[in-house]
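Spelled out, the chains give:
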Amino acid sequence: MESVSDLERGKHLRKAPKDLPASLRNVVEYRKSGLSLNHVVGCPLDCGYCVRHMFDNFEMKRPHLVVDDEQAVAALIAHWAFVPHVTPVQIFNRATDPFLPLVKQHMLHTLELLDGHEFRNHVLVITRWKVTPEDIERLERLQHLKVTVLVTWSGIADPRLEPVDSAIAERSLEVLSDYASRTKRILYWRPIIAGVNDTDECIARASALSGFVDATVFTGLFHREEIRAHFRSAGVEDFYHDVPRRKILPREVEQHILRRYFGAPIFRKTSCGIAYAHGEADYNGHYGIREICDICPPDQIRICAAVHRRPSPDRLSSLVQMVGLDPGRIEIAEGKVIVENSTEQQRYFIQHSLGFQVHDRTQPHLPERHGRAEEGWN
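Rules behind the numbers
Residues numbered from 1 in each chain as written. Predicted model: local features only at pLDDT ≥ 70, side-chain atom pairs only at ≥ 80, totals over all residues. Heavy atoms only, no water. Domains from an automatic or database assignment. Contact = heavy atoms within 4.5 Å. Buried area = accessible area lost by both parts, 1.4 Å probe. Salt bridge = Lys/Arg side-chain N within 4 Å of Asp/Glu carboxyl O. Polar contact = N/O pair within 3.5 Å; in protein donor to acceptor, adjacent residues only side chain to side chain. Helix = DSSP H or I, 4+ residues; strand = E, 2+ residues; numbered from the N terminus. Nonpolar A, V, L, I, M, F, W, Y, C, P; charged D, E, K, R; others polar. Pairing = 2+ DSSP bridges. Phe/Tyr/Trp six-rings, centres within 6.5 Å; stacked < 30°, edge-to-face > 60°. Buried < 20%, exposed > 50% of the residue type's maximum accessible area, 1.4 Å probe, protein only. Lys NZ or Arg CZ within 6 Å of the ring centre and 35° of its normal.

By the naming in an unreviewed UniProt entry, the chain is DNA repair photolyase, taken from Salipiger thiooxidans.

Take a look at the structure:
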C-alpha cells in the first residue's frame, strides 16, 4: 500500500487506469455546494467514512490523473450548469484530498487557470491534510475567484474511523491563520458522531481551534450502507440504525454542541459559513428557512435578508424548463420553491441561480430538522 510519503518522492501523477468506474471518469458533477471538479482520483488517507466507498474507489490509494488541468477547466466552463460569477465550484472533494503531494500542484494550477478567465465564482477547497505557507502564497495571488479553504477536523482518535491524526488539520488551521488574508478559512467540524466526538472535550477543542478561522461549520455523519459495511469489517459497532439519504446529526447532539461551543460564529450549513466569511448573502438561500438562522450573527441575518427575494413566476418557469422539469408542477411556497420528479442536479442549479431554496415534494425538509436525516429527531 502506498503512503503519503511515497507520493512525496514522486514527480508526477499516474494516468488513471482505463477501467476506472464511469462515475469517476465524469470529472464534473453537480453537488449541493456547487459544481464539483474531480480530475484527480485516489487517496491514501483511508478515512473510514469517505464517500469513495460509494464510487468503488476506496482501494485506490495513489492519486491518478483522469484528464489534464486544461481539459478539466474546459469541461467545467462548458458544463450546462456553469454560470460565470454565480455557480459555486468545489475542487477534488470527491475522490482525493487537494493538498496531498502532487495533487496540490494540479489544484493550484486549476485555480490559476480559472482565475485567468476573471471568474468571480466561489471556490471551495476542502482538506484534512498539510497546508503550507507556500500553498497559501499561491492562493493569495489569485485576483478574482473567491476561495475558501475548509479544513476538516473531527477530533476522532479511533484509527479505525480516521487514521489521520487531527493534529495535522490543527496545524493547517494555524498556518492559514498566519498567512491567509484574501483566502477565507473555515473550521469544518465533521463528521460529528453521537458518542464518539461530541464530548465536552471535543467541543472545547473545536472552540479553541475556531480562533484560527473566519467561521465554524458543523455537520454529522454521511451514513450509507457501504460506509457501515466498512466500519463493520473494521470491527466497529453500528453508530446508527438507519442509512438515510441525508446526514445524521441527532437533536440532542446538536443542542449539546450549541450549549457548550464558544468562539467564531458557528453555522449549520456550509454555504452559510462561507457567506459569512466573505461578507455576502448565502448563495443557497437558507434564509428562507428561518429556523436555520437562529444561531447566525445578527449582521449576517441582515445581509441575507436584504437580498432574499421571492422569485418571479416567469424567471422560475424559465429555469425549470431549462433543466427539463414541468413548469406546471412547481409551487412558490414560503421561503422555498417546491418541484416534482427532480434530481439533485436540477434542484441545485435552480437554487444557485435564484439564491432561493428548492425542494422536491417527495423529499421535504421537515421543521426544526435543518435538512437532516430523521434518526435522532423523533
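Back to the text.
**Q** I'd love a proper account of the domain arrangement of the chain, names of residues and values included.
**A** Splitting the chain by domain gives domain 1 (7–280) and domain 2 (284–377). A C-alpha centroid distance of 24 Å is found between domain 1 and domain 2. Domain 1 puts 36 residues into the contact, and the matching count from domain 2 is 27 residues. For the pairing of domain 1 and domain 2, the buried interface totals around 3000 Å² over both sides, and the portion due to carbon and sulfur atoms is 56%. Taken together, domain 1 and domain 2 are joined by three salt bridges. For the salt bridge of R268 with D294, the shortest nitrogen-to-oxygen distance reads 2.7 Å. In this assembly, domain 1 and domain 2 are joined by 21 residue pairs in polar contact (both at pLDDT 80 or more). Secondary structure elements with two or more residues in the side of domain 1 that touches domain 2: β2 (28–31), α9 (251–260), β11 (266–267) and α10 (270–278). Per-element tally for the side of domain 1 that touches domain 2: the top contributor is α10, with four residues. When grouped by side-chain class, the residues that make up the side of domain 1 that touches domain 2 number 19 nonpolar, five polar and 12 charged.

**Q** Summarise the sheet that holds strand β1 (residues 14–15); cite the residues concerned and give the values.
**A** To summarise the sheet geometry, strands pair through backbone hydrogen bonds and adopt either a parallel or an antiparallel arrangement. Strand order across the open sheet formed by three strands is β1-β5-β4, with mixed pairing between neighbours. Lying at the two open borders of the sheet, with one neighbouring strand each, are β1 and β4 (40–41).

**Q** Before we move on, can you summarise the pairing of strand β3 (residues 34–37) with the specific residues and values?
**A** Here four bridges tie β2 to β3, and the two strands are oriented antiparallel to one another. Pairing of E29 across the sheet is with S36, part of β3. Alignment of β3 against strand β6 (residues 89–91), held across three bridges, turns out to be parallel. Bridge pairing links S36 to Q90 in β6.

**Q** Quick rundown of the packing of aromatic side chains? Include the residues and the values.
**A** Per the counting criterion, the structure on display carries seven aromatic pairs. Where W153 meets W189, the ring centres are 6.3 Å apart and the plane angle is 50 degrees; that geometry is what we call tilted. Here the residue W153 occupies a position in strand β8 (residues 146–153), and W189 occupies one in strand β9 (residues 184–189), the gap between them amounting to 36 residues. Each member of the pair, W153 as well as W189, carries the same accessibility label: buried. Judged by centre distance (6.4 Å) and plane angle (35 degrees), the ring pair of W189 and Y261 falls under tilted. Taken together, the residues W189 in strand β9 and Y261 in the loop between α9 and β11 connect sequence positions 72 residues apart. A relative accessible area of 11% means that Y261 is categorised as buried. An aromatic cluster is built from W153, W189 and Y261, whose rings are joined through pairwise contacts. The side chain of K61 reaches across the aromatic face of F58, ending 4.0 Å from its centre. In this structure, R94 is placed above the aromatic ring of F55, and the distance from its NZ or CZ to the ring centre is 4.8 Å.

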